[in-house]
Amino acid sequence: GGTVLGVAGEDFAVIASDTRLSEYYSIHARDVPKLFRLSPQMVLGCAGFHGDVLTLTKEMNMATQIYEYEHGRTISCPATAEMLSKKLYYRRFFPFYTYNVLVGLDAEGKGAVYGFDPIGSFERETFRASGSAASLLQPLLDNQIGYNNQPNAKREPLSMDKAVALVREVFSCAAERDIHTGDGVVISVITKDGIKESFHPLRAD
């Protein structure tokens, strides 16, 4: 279970996850974030079956380190998305039971969000929710960031403060409706200066 969410801005990106680890109606732990740092400007959000999450993120962490050792530079976010896609496709006959969102900055310093399906098909997007509460979060993001069904709305560039506030709000809403999302939300803000992480409590029942 659990939920991850990514939002891309002009010169920043935000990724967040809840901290609850649960199975059916049982809560196993309340402090297990689903965010895994792959580089100083890139984070992988990975929810789902925790065993597959640990295996996939361990493989991705090792692969990015090997790339850096062989090429003498940090792997880019688009290249990491390709790498993750290939790892997921390689396991297509026995897929990882994970929900993946990759967030970082591209070569121009712009925010990038990549959403994946279970067997590696991926797409660069402005925002993406994935995991157990995705069906609750995605319509809110479509409305508040994509301005869906708001023909007369004034479209303004998304600021970092607004993005973080919106992420907190949608996770608070998800925790009210999804039993697998709750306890806390960890928000990582990615800029050219690095990654800043913050924690905010959610309902714990």
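The structure contained in this document is the topic of the report that follows.

Before going further, it helps to examine the packing of helix α3 (residues 134-144) against helix α4 (residues 160-177). The contact between α3 and α4 brings their axes to 10 Å, and the two run at 145°. Handedness of the α3/α4 crossing: right-handed. Here Leu136, Leu137, Leu140, Leu141 and Gln144 of α3 come into contact with α4, specifically with Lys162, Leu166, Val170, Phe171, Cys173, Ala174 and Arg177. By residue class, the composition of the contact of α3 with α4 is 9 nonpolar, 1 polar and 2 charged.

Quick look at the environment of Arg37 now. Within the fold, Arg37 resides in strand β5 (residues 35-39). Under the relative-accessibility criterion, Arg37 is labelled partly exposed at 49%. Residues Arg37 and Pro201 lie 164 residues apart in sequence; the distance between their C-alpha atoms is 21 Å.

With 25 residues, the main nonpolar core has Leu5, Val7, Val14, Val167, Phe171 and Ile187 as its most contacted residues. For this core, the secondary structure elements donating two or more residues are β1 (3-8), β2 (13-18), β10 (127-131), α3, α4 and β11 (184-191). The element that contributes the greatest number of residues to this core is α4, accounting for 8 residues. In this view, Val167 contacts Leu5, Val7, Val14, Ala16 and Ile187; residues no more than four positions away in its chain are not counted. Listed in part, the 20 residues of the second largest apolar core include Leu44, Cys46, Met83 and Phe116.

Turning our eyes to something else, we now look at the environment of Ser130. Its location among the elements puts Ser130 in strand β10. Taking the relative accessible area as the measure of exposure, Ser130 reaches 9% and is therefore buried. Remark: the alpha-carbon pair of Ser130 and Ser198, spanning 68 residues in sequence, is separated by 20 Å. Residues contacting Ser130, with those up to four places away along its chain left out, are Gly2, Thr3, Val4, Tyr99, Asn100 and Val101.

Reading guide: rules and limits
- Residues numbered from 1 in each chain as written.
- Predicted model: local features only at pLDDT ≥ 70, side-chain atom pairs only at ≥ 80, totals over all residues.
- Heavy atoms only, no water.
- Axes fitted to C-alpha atoms, helices over the stretch in contact; angles between N-to-C directions.
- Helix = DSSP H or I, 4+ residues; strand = E, 2+ residues; numbered from the N terminus.
- Left-handed = near helix turned anticlockwise from the far one by under 90°.
- Contact = heavy atoms within 4.5 Å.
- Nonpolar A, V, L, I, M, F, W, Y, C, P; charged D, E, K, R; others polar.
- Buried < 20%, exposed > 50% of the residue type's maximum accessible area, 1.4 Å probe, protein only.
- Core = buried A, V, L, I, M, F, W, Y, C linked by side-chain atoms within 4.5 Å.

Function-wise, these values are silent; they only describe arrangement.
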